[in-house]
Amino acid sequence: MTTDRESLWVFALASNCKYFTSPINSICFVLVFLLVWLVMNMIYWTHPGGPAWGKYKWRKYLVAPKPIPGPRGFPLIGSMNLMTGLAHQKIAAVAKSCQAKRLMSFSLGETRVIVTCNPVVAKEILNSSVFVDRPVNESAYRLMFNRAIGFASYGVYWRTLRKIAAMHLFCPKQIKASEAQRCEIAKQVIEIFKAGGPIRDSIRVRDVLKKASVNNMMCSVFGRNYSLLDDCNEELSELVDEGYELLGMLNWSDHLPWLAEFDPQKIQVRCSRLMPKVNQFVGKIIDEHRAQPAIIHRDFVDVLLSLPDSERLSDSDMIAVLWEMIFRGSDTVAVLIEWILARMVLHHDVQSKVQEELDRIVGRSRRPIMESDVMNMVYLPAVVKEVLRLHPPGPLLSWARLAIKHVIVDGYHVPAGTTAMVNMWAITRSAEVWTDSLEFKPERFMNEAESELVDFSVLGSDLRLAPFGSGRRTCPGKTLGLTTVTFWVASLLQEFQFGPTDETKTVDLSETLRLSCEMVNPLIVRMRPRRAP
Ligand code: HEM
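Reference entry: report on the structure contained in this document. (Residues numbered from 1 in each chain as written. Predicted model: local features only at pLDDT ≥ 70, side-chain atom pairs only at ≥ 80, totals over all residues. Heavy atoms only, no water.)

### What about unusual backbone geometry?
Residues other than glycine seldom take positive phi values, yet Met144 does so here, at roughly 70 degrees. Considering the arrangement of structural elements, one finds Met144 in the loop between α6 (138-142) and α7 (156-168). Phi at Leu397 takes a positive value of approximately 60 degrees, unusual for a residue other than glycine. Considering the arrangement of structural elements, one finds Leu397 in the loop between α18 (379-390) and β5 (401-403). (Helix = DSSP H or I, 4+ residues; strand = E, 2+ residues; numbered from the N terminus.)

Quick look at the structure:
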């Protein structure tokens with residue numbers, strides 16, 4: 001933007017000068033200007049980390065003691081190619097080749113970025129009081145997420161939202177209170193999978209899991225009970241899918257602001273088509289709650305409507321907050337369960353061990369599993385941790401952080417306004433951090449006798465495995481997410497034996513990175529009921 005404004009000034013001054021009344025002189029001026037611009041961009045590009053870092057150094061006349069190592073990428077656009085496709089894998093490979101696994105710099109157009117593949121530096125970044133904001137993201141702003149927790153600027157508003165959500169949606173009492181709803185949805189999922197008869201040879205699990213997760217959040221947030229068997233939340237699923245795709249896309253205009261005018265990826269158009277639909281859908285639910293005020297708060301809309309004046313949110317802010325919860329709470333849960341089931345198909349011995357544990361704790365009766373049974377399990381939580389290690393749903397921790405002040409990271413000067421990423425995928429697969437790092441071994445989270453879990457929290461205190469992030473902007477829904485995933489997986493494994501569709505086939509674990517990291521090819525399984533009808 002500064003470049004654009006400065007260029008306009010130069011042109012404005014030039015147009016007032018008599019020398020430029022002749023066309024030849026004007027053309028010469030434009031050519032000289034272009035040449036200078038080109039030379040400057042080439043100079044910026046020579047800096048380690050590429051053009052955005054070079055530009056910062058030249059603009060600030062800064063003699064940095066030592067630049068952060070990193071790829072130069074291309075002039076002007078820097079390393080935009082790193083963020084397309086499987087960004088976490090590409091970044092890990094480049095960090096290795098630049099010998100910059102602890103801290104690497106790169107440029108996304110005009111955006112300065114640092115990234116770490118090291119747990120110690122990750123802790124320094126995520127737990128600092130400096131990397132507490134989120135970088136600018138046009139889609140997030142246009143979809144109003146800047147007024148919800150995830151993209152709100154660090155400050156009073158963000159703190160108030162987190163406090164409200166922590167007290168009324170994510171506290172242990174509230175999570176316990178929503179147990180019946182999770183049980184009901186698990187029951188419906190099982191009914192759907194059973195509907196085709198005892199032998200089901202080829203079932204795609206993703207669609208059912210996604211719908212179940214959306215329904216679960218719809219119930220907690222809006223107090224709406226949708227059945228998995230009917231299609232009445234189809235509209236919401238479409239809105240979530242569209243928002244999900246828009247937020248997950250690399251928007252070139254975020255990093256090359258002069259492109260925003262042209263909207264080359266049609267992101268602005270799609271956001272402005274989507275938002276009125278979201279406003280209408282969520283606004284209608286808020287109006288219905290207003291028309292029938294609840295004496296006991298049944299859901300999150302009731303909570304928001306009953307806030308005291310000092311904390312009351314405008315309607316549009318309320319829509320943003322509610323919409324974000326549906327959005328964040330749905331995809332991550334479904335994606336993680338699909339990865340767990342994929343691993344169960346692939347490692348039949350592990351699946352049998354979970355089922356033995358289930359039978360030991362619940363008995364092979366017809367009694368469905370309860371969440372209190374899951375609390376007594378040790379092997380299943382170890383399996384969930386191991387899947388989070390090999391397939392973290394947010395390999396780059398979903399949303400990056402932004403430095404609000406100058407800061408020193410791992411001995412390097414990092415200027416305010418720099419975007420910071422943590423490559424959790426690279427950390428959790430690193431041979432320097434984990435023994436047999438690429439092998440699927442849930443036992444690594446258990447003691448030698450395999451009778452109890454070792455003391456390893458995945459909730460953000462140990463950066464060797466922190467799939468929910470860490471520090472002030474850590475995921476507020478982590479306990480709810482983990483409880484839902486573990487319970488639904490337990491319910492499915494109690495009920496069914498999962499296997500490959502064909503004994504000669506294996507499971508394709510290839511990844512695709514959207515907002516979360518999903519299986520490229522949706523999991524298709526063979527299911528056999530385990531319990532007698
Ligand atoms: C398996 C489930 C989940 C995973 C793996 C996950 C992962 C993450 C990650 C990596 C972050 C970024 C943290 C950081 O910057 O340090 C995040 C943020 C967030 N998550 Fe989750 N999440 C899950 C479930 C949920 C659920 C169920 C909800 C809500 C219903 C939720 C709501 C949020 C919100 C609102 C933020 C933004 C926090 C902020 O910026 O202050 N997440 N999540």
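Read on, since the account is not over.
### Structural notes on the pattern of salt bridges
Within the structure shown, the criterion is met by 28 salt bridges. Residue Asp315 is joined to Arg290 by a salt bridge in which the shortest nitrogen-to-oxygen separation is 2.7 Å. Of this pair, Asp315 sits in helix α15 (residues 315-346) while Arg290 is found in helix α13 (residues 267-291), placing the two residues 25 residues apart along the sequence. Residue Arg290 is classed as partly exposed on the basis of its relative accessible area, which comes to 41%. Across the pair Asp373 and Arg367 runs a salt bridge, and its minimum N-O distance is 3.1 Å. (Salt bridge = Lys/Arg side-chain N within 4 Å of Asp/Glu carboxyl O. Buried < 20%, exposed > 50% of the residue type's maximum accessible area, 1.4 Å probe, protein only.)

### So, the coordination of the iron atom of the ligand
When only protein atoms are considered, the iron atom of the ligand has one donor, Cys475 (SG), at a distance of 2.3 Å. Tracing the backbone shows Cys475 in the loop between α19 (424-428) and α20 (478-495). (Donors = N, O, S within 2.8 Å, 3.2 Å for Na, K, Ca; no water.)

### Examining the site of the ligand
Every one of the 26 residues lining the ligand counts as a neighbour, but Arg134, Trp158, Arg162, Arg401 and Cys475 are closest to it. Between the ligand and Gly150, the relevant distance is 3.5 Å, taken from an oxygen atom to a main-chain nitrogen or oxygen of the residue. Here an oxygen atom of the ligand and a side-chain polar atom of Trp158 are 2.9 Å apart. If you map the ligand onto the pockets, it falls in the largest cavity. Taken together, the elements giving at least two residues each to the shell around the ligand come down to α7 and α15. (Near = heavy atom within 4 Å. Polar contact = N/O pair within 3.5 Å; in protein donor to acceptor, adjacent residues only side chain to side chain. 1 Å grid on protein atoms, 1.4 Å probe; cavity = no way out; pocket = protein on both sides within 12 Å on 5 of 7 lines; lining within 4 Å. Sits in = over half its atoms within 2 Å of the grid points.)

### A few points about the nonpolar core
Residues Phe222 and Phe300 are the most contacted members of the largest nonpolar core, which totals 115 residues. It is α15 that provides the largest number of residues to this core, a total of 20 residues. Sequence-distant contacts of Phe222, that is, excluding residues within four places in its chain, are made with Met217, Phe281, Val282, Ile285, His289, Asp299, Val301, Leu322 and Ile326. Listed in part, the 21 residues of the second largest apolar core include Phe106, Cys117, Leu396 and Trp425. (Core = buried A, V, L, I, M, F, W, Y, C linked by side-chain atoms within 4.5 Å. Contact = heavy atoms within 4.5 Å.)

### Brief notes about the packing of α13 against α15
At a minimum axis distance of 10 Å, the contact between α13 and α15 shows a crossing angle of 105 degrees. The pairing of α13 with α15 is recorded here as roughly perpendicular in orientation. Residues Met275, Val278, Asn279, Val282, Gly283, Ile286 and Arg290 of α13 touch α15, and the partners they reach there are Asp315, Met318, Ile319, Leu322 and Trp323. Its residues assigned to classes, the contact of α13 with α15 comprises eight nonpolar, two polar and two charged. (Axes fitted to C-alpha atoms, helices over the stretch in contact; angles between N-to-C directions. Parallel < 35°, antiparallel > 145°, perpendicular 65-115°, else oblique. Nonpolar A, V, L, I, M, F, W, Y, C, P; charged D, E, K, R; others polar.)

### A closer look at α18
The first and last C-alpha atoms of α18 sit 17 Å apart over 12 residues, in line with the 16 Å expected at 1.5 Å per residue. Summarising burial for α18: 12 of the 12 residues are buried, a large majority. Those residues of α18 lying buried are Tyr379, Leu380, Pro381, Ala382, Val383, Val384, Lys385, Glu386, Val387, Leu388, Arg389 and Leu390. Looking at the buried side of α18, the elements it contacts are α15, α16 (348-362), α19 and α20. (Expected span 1.5 Å × (residues − 1).)

### Focus on the layout of surface pockets
Roughly 1400 Å³ of internal volume is contained in the largest pocket. What lines the largest pocket is a set of 48 residues, and nearest its centre among them are Thr111, Pro135, Val136, Asp254 and His255. Contributions of two or more residues to the lining of the largest pocket are made by α3 (51-59), β2 (111-116), α6, α11 (234-248), α12 (252-255) and β8 (419-422). Looking at the lining of the largest pocket, the element that brings in the most residues is α3, giving four residues. Residues of the lining of the largest pocket, tallied by class, amount to 25 nonpolar, 15 polar and eight charged. (Points joined across faces, edges and corners; volume = space filled by probe spheres on them.)

### Concerning empty space enclosed by the protein
Evaluated as defined, the whole model comprises four cavities of 30 Å³ or more. Together, 44 residues line the largest cavity, and Arg328, Thr332, Phe468, Cys475 and Pro476 are the ones closest to its centre. Put simply, the parts of the chain that give the lining of the largest cavity at least two residues each are α7, α10 (206-222), α15, β8 and α20. Among the residues forming the lining of the largest cavity, the class breakdown is 25 nonpolar, 13 polar and six charged.

### Re the side chain of Arg389
One can find Arg389 in helix α18. Exposure remark for Arg389: the relative accessible area of 0% places this residue in the buried category. Within the structure, Arg389 has its side chain in polar contact with the side chain of Glu386 (distance 2.9 Å). From its side chain, Arg389 meets the backbone oxygen of Glu439 in a polar contact 3.0 Å long. For Arg389, the residues in contact, after removing those within four places along its chain, are Thr428, Trp434, Asp436, Ser437, Glu439, Arg444, Phe445 and Leu465.

### Regarding the pairing of strand β12 (residues 524-529)
Where strand β4 (residues 200-204) lies against β12, three bridges are found, and the strand directions are antiparallel. In the sheet register, Arg204 faces β12, and the bridge partner there is Ile524. Sheet analysis places strand β9 (residues 496-500) next to β12, joined by five bridges and oriented antiparallel. Bridged to Phe496 within β12 is Pro529. (Pairing = 2+ DSSP bridges.)

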